[in-house]
Amino acid sequence: NTVHRRNNFITLNRGSMHGVTPNMGVITPDGNMVGYVAACSDRYSVVVSLLNMDFSTSGKVVGDEHNYVGSISWSGHSPYRIEMTELSKYADVEVGDEVIGSGASHYFPGGLNIRIGYVDSIRENENHTSYDVVVRLAADLSRLDNVVLIENFDFNEVYNLEESVSSGAYLYGSDAN
């Protein structure tokens, strides 16, 4: 497990022979977001952690009745804090509020309420169009011991469908009766 590099990874001593597959979500036993499985061998797997500049997801503030969603990513600075950008200025957010996964991620599907962390600071972005929020991570990723893997059984179907639309291969309405 690394936490001070630009792109941090975690190696698990479980792999495909234990049922681990790429694209599984990874959380702590108490429900805090860690990352997702990127690759597996028979006995090991590698996780892209939240502390990887290529990792991104979406989050929302618990208690915000409008359920505004912001983009979650790591800037490469502190291994204890990440950033939420593009959060609507209409969001009801205060320092100390809990931030959870939005449920829109392929790795962390809706209904699971995966905790990301807690609002540390809030400021308007430079264009004054949304909030930039610093989030203190709920999990200390430098001290991981055990993790829980989450499999989204719809991952491949949804991903392939989205890719077909993105590439133009899917003809809109062609499946309509």
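Here, every reference points to the structure presented above.
Since we're looking at a predicted model, the values are computed, not measured. Counting from 1, residues in each chain are numbered in the order their sequence is written. With pLDDT at 70 or above as the cut-off, local features in this predicted model cover only qualifying residues; side-chain atom pairs require 80 or more to be listed or tallied, and sums for whole chains, interfaces and linings still use all residues. As a rule here, side-chain values cover all heavy atoms of the structure and leave hydrogens and water aside.

Enquirer: Which residues make up the nonpolar core, and what are the values?
Expert: The tendency in soluble globular proteins is for nonpolar side chains to be buried as a group. Here the nonpolar core consists of buried residues drawn from Ala, Val, Leu, Ile, Met, Phe, Trp, Tyr and Cys, with membership extended through side-chain atoms lying within 4.5 Å. Burial status follows relative accessibility: with a 1.4 Å probe on protein chains alone, a residue under 20% of its type maximum counts as buried, one over 50% as exposed, and anything between as partly exposed. Membership of the largest hydrophobic core comes to 38 residues, with the highest contact counts inside it found for Ile-82, Leu-87, Phe-108, Ile-116 and Leu-141. Starting at the N terminus, helices and strands are each numbered in turn, a helix being any DSSP run of H or I of at least four residues and a strand any DSSP run of E of at least two. Only strand S1 (7–12), strand S2 (25–27), strand S3 (33–40), strand S4 (45–52), strand S7 (81–88), strand S9 (115–124) and strand S10 (130–137) provide two or more residues apiece to this core.

Enquirer: Give me the layout of surface pockets: which residues, what numbers.
Expert: A cavity here means a set of 1 Å grid points, computed over protein atoms only, where a 1.4 Å probe fits but cannot escape. A pocket is an open set with protein on both sides within 12 Å along at least 5 of 7 lines, and lining residues have an atom within 4 Å of a point. Grid points are joined across faces, edges and corners, and a volume is the space filled by probe spheres set on the points. The computed volume of the largest pocket comes to approximately 260 Å³. In terms of lining residues, the largest pocket is bounded by Asn-1, Ile-10, Thr-11, Leu-12, Asn-13, Arg-14, Val-20, Leu-144, Asp-145, Asn-146, Val-147 and Leu-149. At 3 residues, S1 tops the list of elements feeding residues into the lining of the largest pocket. Residues of the lining of the largest pocket, tallied by class, amount to 6 nonpolar, 4 polar and 2 charged. Considering only enclosed or pocket space, the second largest pocket measures out at about 200 Å³ in volume. Every residue along the wall of the second largest pocket is listed here: Ser-56, Thr-57, Ser-58, Ala-104, Ser-105, His-106, Tyr-107, Phe-155 and Tyr-159. Those elements giving two or more residues to the lining of the second largest pocket turn out to be strand S5 (56–61) and helix H1 (155–167). Asp, Glu, Lys and Arg are counted as charged, while Ala, Val, Leu, Ile, Met, Phe, Trp, Tyr, Cys and Pro are counted as nonpolar; the rest, among them Gly, fall into the polar class.

Enquirer: Can you explain the pattern of salt bridges? Please cite residues and give values.
Expert: Salt bridge criterion: a side-chain nitrogen from Lys or Arg within 4 Å of a carboxyl oxygen from Asp or Glu. A full pass over the atoms with the stated rule returns 4 salt bridges. Glu-124 is the partner of Lys-89 in a salt bridge, and the nearest nitrogen-oxygen pair spans 3.8 Å. With Lys-89 in the loop between S7 and strand S8 (98–101) and Glu-124 in strand S9, this residue pair connects regions lying 35 residues apart in the sequence. Look at Lys-89 and you get partly exposed, because its relative accessible area is 33%.

Enquirer: Report on the sheet that holds strand S6 (residues 69–73), specifying residues and quantitative values.
Expert: Criterion used throughout: strands pair if DSSP finds at least two bridges between them. Around the barrel, 6 strands lie side by side as S5-S6-S7-S10-S9-S8; this closed barrel has antiparallel pairing. Averaged over all pairs of adjacent strands, the angle between strand axes in this sheet comes to 40°, irrespective of strand direction. Between the N-to-C directions of two axes lies an angle of 0 to 180 degrees, each axis being a line fitted to C-alpha atoms and, for a helix, fitted only over the stretch in contact.

Enquirer: Outline the packing of aromatic side chains, listing residues and values.
Expert: A ring pair, where both rings are aromatic, is described by two values, the distance of the centres and the angle of the planes. Aromatic rings from Phe, Tyr and Trp, with only the six-membered ring used for Trp, were paired whenever their centres fell within 6.5 Å, and each pair was classed as stacked if the ring planes differed by under 30 degrees, edge-to-face if by over 60, and tilted otherwise. Inspection of every chain in the model, using the stated rule, returns 2 aromatic pairs. Judged by centre distance (5.8 Å) and plane angle (25°), the rings of Tyr-36 and Phe-55 are stacked. One end of the pair, Tyr-36, is in strand S3; the other, Phe-55, is in the loop between S4 and S5, with 19 residues separating them in the sequence. For Tyr-36, a relative accessible area of 15% corresponds to the buried category.

Enquirer: Run through the sheet that holds S3, naming residues and quoting values.
Expert: The strand order across the open sheet formed by 5 strands is S1-S4-S3-S2-S11, and the pairing between neighbours is antiparallel. Only two strands of the sheet have a single partner each, and these edge strands are S1 and strand S11 (148–150). Strand-to-strand, the axes of this sheet are offset by a mean angle of 35°, without reference to chain direction. Relative to S4, S3 runs antiparallel, the two being bridged by 5 bridges. Paired with Cys-40 across the strands is Ser-45, a residue of S4.

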